[in-house]
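Each chain, written out:
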Amino acid sequence: MVNEVAVGRLLARPGRAAPLADAVLSFAGDRIAAVAPAAGQGRGKSLIALPALVNAHDHGRGLHHLAFGARDQAFELWRAALYAHPPIDPYLNAALAFGRLAQAGVGSVMHVHSSIDIKRLPADAEAVCRAARDVGIRLAFVVPLRDQQTLGYGSDDALLAAHPEADQPMIRSTWLNTFPSPGDYVALVREIAARVEGPLISVQYGPNSPQACSDALLAAIGEASAADGRRVTTHLLETSIQRQWADATYPDQGFLPHLDRLGLISQRFTGAHGVWLTAADIALLAERGAQIAVNTSSNLRLRSGIAPVAQYLKAGMRFSFGIDSFSVDDDDDAFRELRLGHWLHSPHHAERRLDPVGLFDGWLGNGYFAVNNEEGYGALAPDAPADLVLLDFDAMAHDVIDGMAEDMDVLLTRATTRHVRDVFVAGRQIVRDGRVLGVDLPAIEQEVLSQARATGARMRDLKPVLERSQATLSSFYQAGGHIRR
Ligand SMILES: [Zn+2]
């Protein structure tokens, strides 16, 4: 087992301190034991090391959306295409996603599970967490909870009735299951936690979105989280349609204050997206120590907008970054996602610009807190978690004239998955020379694709159904069905 790593450049505190030249890191168990200067030589000389990135919002989809017909479009319509998601083995699907993320330099992942079939959840959770253990990443398994508004932001009965009659039985049987009581949901989360939690794996309460949960369920989640300390992750005000729904539903007291009164908003809370938060919402989240996981490329691809990160910075609200299974090029490239956020959230005219300190606080410390519920991550220093990514700096800087570019600028301008050489998590090497060590990723990808293709006929049968459903939903929202009271 490797317990020493030599590199030509060490970004021990990315954004906060210049890289050190020629250093050796040694590990003791899952922690860094020492960082010492040492003349680099051989392979390590070309490498730059920094703490492994954290993907603070994802859905672990090994099979990409486009593969099964879920093309990019407005989120509320896109969702209907999930009807066609093929029944792939959950272990293989998750291992493919986690393996790609590991190759991209990610050490910790927030996995928001998407199944709505309650009976399958404990077995799914075990399979997904086994995939995380085999790949070697840290994982938060977010248990999906919901008990209303499954088809859209309105009554399920009315929305179902708006669909063509012939399609209703399939839609009902796919999505309109009977929901457990809030108490049973909390017990289910704790049962799953008892089965899967371990040194690198934890479980979180996952109200899918506040609009998909009754007040009773949200209050039970807030109470349970306060009692057992488990974190809460939800989707929050991702789209303009959700904002309209929230304003129409809580015209007096406001949506975020309502969630706050239910006990949901605390420092254990992560809301994904937050594109449509108001200044007052952001102030409330900041006051509670809650955070938002920003999903830049997902918000672009689903036409949701751009998160108001300048306002987050102004209010001192914590935020992290996630990929949401929607990376720019559908390749789970975390460094490219980092670069996109770096550009989009630091325009010259912004009241507050995202600088490398804030950028890496998001991708490291805040994300790690969201996923692993532990503060202080983000430095390569004695006693810090031995989670690091090594990139081929010489390849990124192949044409740079000596002394003419800062190392940070090279990294921010050019780093991609193909530059990632080695990744360590908790002292264990999980990627070497760009290859995942714990699973056979190419074989898993082949198997996922062959399982998906084997159900191609079913998917093609469903395609017209989901397109009709998307047309129904489009008419519903265009007619203001979600804001009618
Ligand atoms: Zn999501």
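As the structure is a prediction and not an experimental result, all values here were calculated from the model. (Residues numbered from 1 in each chain as written. Predicted model: local features only at pLDDT ≥ 70, side-chain atom pairs only at ≥ 80, totals over all residues. Heavy atoms only, no water.)

On to the coordination of the zinc ion, then. Those donors, His57 (NE2), His59 (NE2), His235 (NE2) and Asp324 (OD), are the protein atoms that reach the zinc ion, and they lie 2.0 to 2.5 Å from it. Taken together, the four donor atoms coordinating the zinc ion span angles of 83 to 172° at the metal, a pattern that classifies the geometry as irregular. Read from N- to C-terminus, the donor residues coordinating the zinc ion fall into the pattern H-x1-H-x175-H-x88-D. A residue pair is termed long-range when its members are at least 10 positions apart, and His235 in strand S9 (residues 232–236) and Asp324 in the loop between strand S12 (318–321) and helix H13 (334–344) qualify at 89 residues. Among the residues examined, His235 registers a relative accessible area of 10% and is labelled buried. Judged by its relative accessible area of 4%, Asp324 falls in the buried class. (Donors = N, O, S within 2.8 Å, 3.2 Å for Na, K, Ca; no water. Tetrahedral: all angles 85-135°; square planar, octahedral: opposite > 155°, others 65-115°. Helix = DSSP H or I, 4+ residues; strand = E, 2+ residues; numbered from the N terminus. Buried < 20%, exposed > 50% of the residue type's maximum accessible area, 1.4 Å probe, protein only.)

Segmentation of the protein chain into domains returns domain 1 (4–50 + 386–436) and domain 2 (52–381 + 438–449 + 452–483). Each of domain 1 and domain 2 was reduced to a C-alpha centroid, and the two centroids are 31 Å apart. Between domain 1 and domain 2, the contact holds 36 residues from the first and 39 residues from the second. Summing both partners gives a buried area of about 2800 Å² for domain 1 against domain 2, and 61% of it is carried by carbon and sulfur. In terms of surface lost to domain 2, no three residues of domain 1 exceed Asp387, Leu412 and Val436, which account for 25% of the buried area on that side. (Domains from an automatic or database assignment. Contact = heavy atoms within 4.5 Å. Buried area = accessible area lost by both parts, 1.4 Å probe.)

Moving on, we come to the pairing of strand S2 (residues 20–28). Sheet analysis places strand S1 (residues 4–10) next to S2, joined by six bridges and oriented antiparallel. Residue Glu4 lies in a different strand from S2, and its bridge partner there is Ser26. Where S2 lies against strand S3 (residues 31–37), six bridges are found, and the strand directions are antiparallel. Bridge pairing in S3 places Ala28 opposite Arg31. Between S2 and S3, which pair antiparallel one after the other, the connecting turn spans two residues, and Gly29 there sits at a positive phi close to 65°. (Pairing = 2+ DSSP bridges.)

Before going further, it helps to examine the environment of Thr472. Within the fold, Thr472 resides in helix H18 (residues 456–478). Residues Thr472 and His64 lie 408 residues apart in sequence; the distance between their C-alpha atoms is 25 Å. In this structure Thr472 touches Ala162, His163 and Pro164, once residues within four positions along its chain are discounted.

What follows is about empty space enclosed by the protein. With the rule as written, the count across this model stands at one cavity of 30 Å³ or more. The calculated volume of the largest cavity comes to roughly 30 Å³. Forming the walls of the largest cavity are His57, Val112, Val142, Gly206, Pro207, Asn208, Thr233, Thr234 and His235. Mapped by element, the contributors of at least two residues to the lining of the largest cavity are strand S8 (201–207) and S9. (1 Å grid on protein atoms, 1.4 Å probe; cavity = no way out; pocket = protein on both sides within 12 Å on 5 of 7 lines; lining within 4 Å. Points joined across faces, edges and corners; volume = space filled by probe spheres on them.)

This brings us to the nonpolar core. With 141 residues, the main nonpolar core has Phe98, Leu139, Leu236, Leu285, Tyr312 and Leu391 as its most contacted residues. Composition of this core by domain shows at least three residues from each of domain 1 (4–50 + 386–436) and domain 2 (52–381 + 438–449 + 452–483). Listed in part, the 16 residues of the second largest apolar core include Val7, Leu47, Ala49 and Phe424. (Core = buried A, V, L, I, M, F, W, Y, C linked by side-chain atoms within 4.5 Å.)

This paragraph deals with the sheet that holds S2. As summarised here, the arrangement of the eight strands in space is S3-S2-S1-S4-S13-S14-S15-S16, forming an open sheet in which the pairing is mixed. The sheet is open, and its two borders are formed by S3 and strand S16 (435–436), each paired with just one other strand. Strand direction decides the pairing type here: strand S13 (residues 388–392) and strand S14 (residues 420–425), joined by four bridges, are antiparallel. Bridge pairing links Leu388 to Phe424 in S14.

Further remarks concern the pattern of salt bridges. This structure, assessed with the given rule, holds 28 salt bridges. Here Arg138 ties to Asp387 by a salt bridge, and the two come within 2.7 Å at their closest N and O atoms. In this pair, Arg138 sits in strand S7 (residues 138–145) while Asp387 sits in the loop between helix H14 (356–372) and S13, placing the two residues 249 residues apart along the sequence. Note on accessibility: Arg138 and Asp387 belong to one class, buried. (Salt bridge = Lys/Arg side-chain N within 4 Å of Asp/Glu carboxyl O.)

By volume, the largest pocket is sized at about 1200 Å³. Looking at the largest pocket, it is lined by 50 residues, and the ones nearest its centre are Arg61, Leu82, Ser114, Ser115 and Ile116. The set of elements that each furnish at least two residues to the lining of the largest pocket consists of helix H1 (75–78), helix H2 (90–103), strand S6 (106–112), helix H3 (121–135), S7 and helix H5 (168–175). Its residues assigned to classes, the lining of the largest pocket shows 21 nonpolar, 20 polar and nine charged. (Nonpolar A, V, L, I, M, F, W, Y, C, P; charged D, E, K, R; others polar.)

Bringing the side chain of Thr416 into the picture now. Secondary-structure assignment places Thr416 in the loop between helix H16 (407–414) and S14. Exposure remark for Thr416: the relative accessible area of 6% places this residue in the buried category. Here Thr416 is in contact with Asp333, Phe335, Arg336, Arg339 and Leu391, once residues within four sequence places are set aside.

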